[in-house]
Amino acid sequence: MKAIKTAVVGASGYTGAELLRLLLMHPAAELVCVTSRQYEGEPLEKVFPRFRGVQGSQLEFTAPSADTIAAAGAEVAFLALPHGVAAEYAIALLEKGIRVIDLSADFRLNSAEVYEEFYGHPHPAPELLDEAVYGLPELKGRSEAIKSAKLVASPGCYPTSIITPLVPLLEKGLIDPASIVTCSMSGVSGAGKTGNVLFSYCEANESVRAYGVPKHRHLSEIEQELSIAAGQAVQISFTPHLVPAHNGICTTTSATLTGDADAIGAALEEAYGGSDFVRLLGKGQPADTKNVTRTNFLDIGWDYDPRTGRVLLLSAEDNLGKGAASQAVQSMNLMFELSATEGLQNI
Ligand SMILES: NC(=O)C1=CN([C@@H]2O[C@H](COP(=O)(O)OP(=O)(O)OC[C@H]3O[C@@H](n4cnc5c(N)ncnc54)[C@H](OP(=O)(O)O)[C@@H]3O)[C@@H](O)[C@H]2O)C=CC1
Ligand SMILES: CC(=O)N[C@@H](CCC(=O)OP(=O)(O)O)C(=O)O
């Protein structure tokens, strides 16, 4: 089988390094170009000793440039860059006929106005918003759209854990869309390999705090996808928390039941019973981040409290895995007509 030639732009950061790990192991992919400004000229295995001795790990980082990526023969480029920066690379790569899977938020929203409202600056390439496919393959019809996409906007980490369990219930009218409240906890790698002191060991270890309230930027894409599922505008309450762990997101969502409680499990089963990566844990079973770290799994449990009439959805994923890098590789598999699970079957 001819290997898919891949590039990772922003390969020195956390999601970039996770992409490298997955692509070095992937049986049908070959890394042909990896970029970093700070490590230009250094081989992968020197910057990331974890990869020492692995085939492909002598590849050297290059300065980020669409010309260099095209000259290396890349067919697809993963953008593991800050939002706002990713768009300029997407434009240049698409012009060269290279398919793009963007891990940043630049192409996740259908509306340039909503982007500006949540990201605080005008959208850098509004003309590409219609073309981009929101890459959550588990949503109805989305795998088919991803297969033919030139530009995939890989979803945010929190949104993956929140949207996935809610969508089947909203589609079936089983919960009140106005009653949704969700709280998530994220490991510190969710903030990227940043120098911000708030994410340093002494600030983050043995302490837990909420942040980003009341209007975290991920609300924009969460509400966009929930509104599509509900067929009406949906607004929710969302409170993210930083917890002293490297990886992992644990999300608890609740909403008022408007249908039959037994229909909750049935709706989740109907939507995800045959899914490769969504694992349904059943009623009364909480999801635990330790079971999903370094995997592409999203685990979902659920419950119902008759005293309050509220449904509970309990989900867990790895923010760098199903929340970012492995979800992006899942999209690559679909775009290149591979099995969705190719290279992602690690546990
Ligand atoms: N961390 C997470 O859990 C998740 C992150 N994401 C998104 O993925 C993207 C990457 O995140 P993450 O890996 O955490 O971020 P990091 O901060 O860890 O890495 C960012 C990378 O981008 C490169 N970079 C930064 N600025 C520029 C620039 N102006 N031009 C070219 N390269 C640049 C850096 O490389 P160098 O300085 O060496 O050039 C670095 O490799 C972001 O958009 C993030 O929001 C999405 C889901 C989850
Ligand atoms: C813990 C932490 O800081 N998490 C980040 C979200 C992760 C991320 O990178 O956001 P995208 O998925 O949109 O790219 C934050 O709250 O901004």
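Placed above this text is the structure.
Residues numbered from 1 in each chain as written. Chains lettered and ligands numbered in written order. Predicted model: local features only at pLDDT ≥ 70, side-chain atom pairs only at ≥ 80, totals over all residues. Heavy atoms only, no water.

Participant: Tell me about the environment of leucine 93, and name the residues and values.
Facilitator: Turning to its location among the elements, leucine 93 is positioned in helix α4 (residues 86-95). Here the alpha-carbon distance between leucine 93 and glutamine 58, two residues 35 residues apart in the chain, equals 24 Å. The residues contacting leucine 93, other than those within four sequence positions of it, are Ala66, Ile69, Ala77, Leu79, Ile98 and Val100. (Helix = DSSP H or I, 4+ residues; strand = E, 2+ residues; numbered from the N terminus. Contact = heavy atoms within 4.5 Å.)

Participant: Give a detailed account of the packing of helix α5 (residues 112-119) against helix α9 (residues 218-230), specifying residues and quantitative values.
Facilitator: Two numbers describe how α5 lies on α9: the axes approach to 9 Å, and their chain directions differ by 145 degrees. For the pair α5 and α9, contact is made by Val114, Phe118 and Tyr119 and by His218, Leu219 and Ser220, respectively. Across the contact of α5 with α9, the residue classes break down as 4 nonpolar, 2 polar and no charged. (Axes fitted to C-alpha atoms, helices over the stretch in contact; angles between N-to-C directions. Nonpolar A, V, L, I, M, F, W, Y, C, P; charged D, E, K, R; others polar.)

Participant: Report on the site of ligand 2, specifying residues and quantitative values.
Facilitator: Neighbouring residues of ligand 2: 13 residues in total, closest Arg108, Tyr211, His216, Arg217 and His218. Side-chain polar atom of arginine 108 to an oxygen atom of ligand 2: 2.7 Å apart, as the coordinates give it. Glycine 190 is positioned such that a nitrogen or oxygen atom in its backbone is 3.2 Å from a nitrogen atom of ligand 2. Notes on ligand 2: free accessible area 430 Å², of which the protein chains cover 83%. Among the residues forming the shell around ligand 2, the class breakdown is 5 nonpolar, 6 polar and 2 charged. (Near = heavy atom within 4 Å. Polar contact = N/O pair within 3.5 Å; in protein donor to acceptor, adjacent residues only side chain to side chain. Areas by Shrake-Rupley, 256 points an atom, 1.4 Å probe, with all protein chains shown as cover.)

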